[in-house]
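Now for the letters of each chain:
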Amino acid sequence: MLEKKLTEARWTHIALPCCDVDKAIEFYTTMTPLVVVARHADKDGRNVWLSNDKQVETPFVLVLVEFAKDRGTRQPQLTPFAHLGMEVPGREDVDRIAAEAREMGCLHWEPMELPAPVGYICALKDPDGNVVEISHNQQVFEEVRTLWGS
């Protein structure tokens, strides 16, 4: 059984403001592998936590916060190059996501092959204008696992 209590400092989340948490949830759960983990609300606004489904060993959460005072006002933080990066297992995944994003009008960078360590990428823009990079063969996952894996 995994220990539920934190035993050492660790990287757990990134938080971004958003203009409409419902639109953000729809975008991230449609265009990425993220699922809703939790929702919170109070008089100042509401937020959602998104993560990979059943990511129990190394939980990492994208927190999207809709402040009541800013509802309806786009809150871009990650643009034009700053971005959230997601790696997918296949080149065809990048192409499929890019096609869906193109159809939805949120494709930011067309799919392209870039020299190592970047790999095959495209990028999307979320409802606030934040950039989300989708990559294949960037090997972030493999490189870190190789460095610290047993």
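As recorded by an unreviewed UniProt entry, the chain carries the name Ring-cleaving dioxygenase and is attributed to Streptosporangium roseum.

Draft legend 1. Main features of the overall build of the chain. The secondary structure content of the chain amounts to 3 helices and 8 strands. Secondary structure elements of the chain occur, N-terminal to C-terminal, as β-α-β-β-β-β-α-β-β-β-α. Since a compact globule built from 150 residues should have a radius of gyration of about 15 Å, the 16 Å found for the chain is in line with a globular shape. Once the C-alpha set of the chain is aligned to its principal axes, its extents read approximately 45 × 45 × 20 Å. Counting all 150 residues of the chain, 38% fall into the buried class. Accessible surface, the chain as shown: approximately 9,700 Å² in total, 56% of it carbon and sulfur. The centroid of the 16 positive side-chain charges in the chain is displaced by 6 Å from the centroid of its 24 negative side-chain charges.

Draft legend 2. Structural context of the domain arrangement of the chain. Domain assignment breaks the chain into domain 1 (11-71) and domain 2 (78-149). Centre-to-centre separation of domain 1 and domain 2, based on C-alpha positions: 19 Å. Facing the 15 residues of domain 1 at the interface are 15 residues of domain 2. For the pair domain 1 and domain 2, the summed buried area comes to about 1,200 Å², and 76% of that belongs to carbon and sulfur atoms. Of all residues in domain 1, the largest losses of buried area upon contact with domain 2 belong to Phe27, Tyr28 and Met31, amounting jointly to 48% of the total for that side. Counting across the domain 1 and domain 2 interface gives 0 salt bridges. Connecting domain 1 to domain 2 are 2 residue pairs in polar contact (both at pLDDT 80 or more). Of all the secondary structure elements, the ones that give two or more residues to the side of domain 1 that touches domain 2 are strand E1 (13-17) and helix H1 (21-31). Element by element, the count of residues in the side of domain 1 that touches domain 2 is highest for H1, at 6 residues. Grouping the amino acids of the side of domain 1 that touches domain 2 by side-chain chemistry returns 12 nonpolar, 2 polar and 1 charged.

Draft legend 3. Layout of a nonpolar patch on the surface. Judged by side-chain polarity, Val140, Val144, Leu147 and Trp148 come together as a nonpolar surface patch covering roughly 460 Å² of accessible area. Here valine 144 shows up in helix H3 (residues 140-148).

Draft legend 4. Broad picture of the UniProt feature "domain: VOC" (unreviewed entry) in the chain. If you check UniProt for "domain: VOC" (unreviewed entry), the listed places come out as residues 10-137 in our numbering. Taken end to end, residues 10-137 has its terminal C-alpha atoms 25 Å apart, with 20% of it in helix and 43% in strand.

Here is what the cut-offs are and how they apply
Residues numbered from 1 in each chain as written. Predicted model: local features only at pLDDT ≥ 70, side-chain atom pairs only at ≥ 80, totals over all residues. Heavy atoms only, no water. Helix = DSSP H or I, 4+ residues; strand = E, 2+ residues; numbered from the N terminus. Rg over C-alpha atoms; globule rule 2.2 N^0.38 Å. Buried < 20%, exposed > 50% of the residue type's maximum accessible area, 1.4 Å probe, protein only. Areas by Shrake-Rupley, 256 points an atom, 1.4 Å probe, with all protein chains shown as cover. Lys, Arg positive; Asp, Glu negative; His and termini not counted. Charge placed at Lys NZ, Arg CZ, Asp CG, Glu CD. Domains from an automatic or database assignment. Contact = heavy atoms within 4.5 Å. Buried area = accessible area lost by both parts, 1.4 Å probe. Salt bridge = Lys/Arg side-chain N within 4 Å of Asp/Glu carboxyl O. Polar contact = N/O pair within 3.5 Å; in protein donor to acceptor, adjacent residues only side chain to side chain. Nonpolar A, V, L, I, M, F, W, Y, C, P; charged D, E, K, R; others polar. Patch = residues over 30% accessible without salt bridge, like charges linked within 9 Å, V, L, I, M, F, W, Y side chains within 5 Å. UniProt positions renumbered as here; feature names shortened; annotations may be inferred.

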